[in-house]
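# Fold and geometry: a report
In case you want the letters, here they are:
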Amino acid sequence: MRGNDLTLALTGSGGAGVVITGEILLKAAAKAGLYGVLRKSYGPQIRGGESAAILRLRDASVQSFITDMHLLVALDWNNFSRFQDEIPIDAQTLVICDQDLPQAPEQVAGVLDICTLPLAEVARKQGSRRTNMVALGLIGKLLALPLAVLLEAMSERLAGKGEAVVAIAEACIRAGHSMRYSAPEEFTALQPGSPRQSPRWLLNGNDAIAYGALSAGIRFVAAYPITPATGVLEWVAQHIESLGGRLVQA
C-alpha cells in the first residue's frame, strides 16, 4: 500500500447487500476524517445479478482510482469473473471470503492465498441471513475505523428500514469488528484523520453534475427523465427554483 491510501472491493450476488455496504463504509470513512470515492458495478441482470462496490480511501482528496487492489471481500463468488477487469487482484491483495463458500474461481485461487472466515455463522448467531454487516464490521477493524463511526453511518443509512433491522445490523457489525483475525503483516491499515467538525460532502456523480450546473449559473433546464440521467433532473428540480430558475420536464 502506498502511504495512507487503500483500495478495496466487495463483490456478491444481487441482494447480498454489497452496494449498501460500500455506501456505509464510505460514509464511515468520511466521519473518521478520510476522503474517498465509490464505484458501483452491476451485472446485466436488473435483479438477481452480481454486483461490486469498489472504494478508494485516503487521507487526502481523491480524484480517481489507482490500479492497486489491496483488499477484496467476497460475499460469494457468483459470476466474479465479470469484474476481473475492474478488480485487478495480484499476489499482494488480501482476499477474504466466507468459509462455507465453494472454491474460489480460478483467476483468484490460482494466484492468491485466501483467508476464509465464518462470516455466515457469525451472522446467523446475530439473527441475520446476510453476511454483509458482519463483513462491514471486519473491514472497519482491518482499516482501523472506529466502531462508533461504523455504527453511526449504518444507523443513518438504514434508519428508514425500522428499529429491528438497525438492531440486527448493529449486532452484526459489532460481531464482525470483534472477530479474532489479524491481517498479514504486509497489509497496512489506514490511519484515520482528525474527525470533521462539520459534515463532509457525500455526492454521487449525478448530484455533482447538477450542483456544478447550478453553480455555473444555469437557471433554465428542460430535460426528459431517463436512466441514468434521472438523478441529475431530480437534484436540479429540488434546488433551481430557490435560485430563481425554472425546470421543465419534457
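Refer to the structure presented above.
A brief look at the structure comes next. Within each chain, residue numbers correspond to sequence positions counted from 1 in written order. Totals for whole chains, interfaces and linings use every residue, but because this is a predicted model, local features are given only for residues with pLDDT of at least 70 and side-chain atom pairs only at 80 or more, for both listing and counting. Note: side-chain values were computed over all heavy atoms of the structure, leaving out hydrogens and water.

Take a side-chain nitrogen of Lys or Arg and a carboxyl oxygen of Asp or Glu: if they are within 4 Å of each other, that pair is a salt bridge. Under the counting rule described, the total for this entry stands at 11 salt bridges. Here E152 and K31 are joined by a salt bridge, their closest N and O atoms 3.3 Å apart. Separated by 121 residues along the polypeptide, E152 in helix α5 (residues 147-158) and K31 in helix α1 (residues 18-31) bring together distant segments of the chain. When the shortest N-O distance is used, the salt bridge between E156 and K31 registers 3.0 Å. Residue E156 is located in helix α5, and its partner K31 is located in helix α1; the two are separated by 125 residues in the primary sequence. Runs of E in the DSSP output that reach at least two residues are strands. Runs of H or I that reach at least four are helices, and both are numbered from the N terminus.

Another aspect to go through is helix α8 (residues 230-239). What sets the pattern is the α-helix's 3.6 residues per turn: residues three or four places apart point alike. Along α8, the residues that are buried comprise L233, W235 and V236. Buried residues of α8, seen end-on, are gathered within an arc of 165 degrees and therefore sit on one face of the element. Where α8 is buried, its residues contact α7 (205-215), β7 (220-223) and β8 (246-249). Residue exposure (1.4 Å probe, protein chains only): buried if accessible area is under 20% of the type maximum, exposed if over 50%, otherwise partly exposed. Read the arc as the range of directions from the helix axis to the C-beta atoms. Contact between two residues is taken to exist if any of their heavy atoms lie within 4.5 Å; hydrogens are not considered.

Fitting a line to C-alpha atoms yields each axis, with helices limited to the stretch in contact; the angle taken between N-to-C directions then spans 0 to 180 degrees. Packing of α7 against α8 brings their axes to within 8 Å, and their N-to-C directions diverge by 45 degrees. When the interaxial angle is binned, α7 and α8 end up oblique. Handedness of the crossing formed by α7 with α8: right-handed. Note on element contacts: α8 touches α7 through G231, V232, W235, V236 and H239, opposite N206, D207, I209, A210, Y211 and L214. Orientation is classified from the angle alone, with under 35 degrees giving roughly parallel, over 145 giving roughly antiparallel, 65 to 115 giving roughly perpendicular, and any other angle giving oblique. The crossing is said to be left-handed when, going from far helix to near helix, the turn is anticlockwise and less than a right angle, and right-handed when the turn is clockwise.

Turning next to the side chain of D98. Residue position: D98 is located in strand β5 (residues 94-98). Here D98 occupies a buried position and makes no salt bridge, while the nearest side chain of opposite charge, R124, is found at 6.4 Å. The term polar contact refers here to a pair of N or O atoms within 3.5 Å; inside protein, the definition further demands a hydrogen-donor-capable atom paired with an acceptor-capable atom, and it admits residues adjacent in sequence only when both atoms are side-chain atoms. Within polar-contact distance, the side chain of D98 engages the backbone nitrogen of L119 at 2.8 Å. Filtering out sequence-adjacent residues up to four positions away, D98 remains in contact with A74, T116, L117, P118, L119 and A120. Residues scored as charged are limited to Lys and Arg (positive) and Asp and Glu (negative), so that His and the chain ends carry no count.

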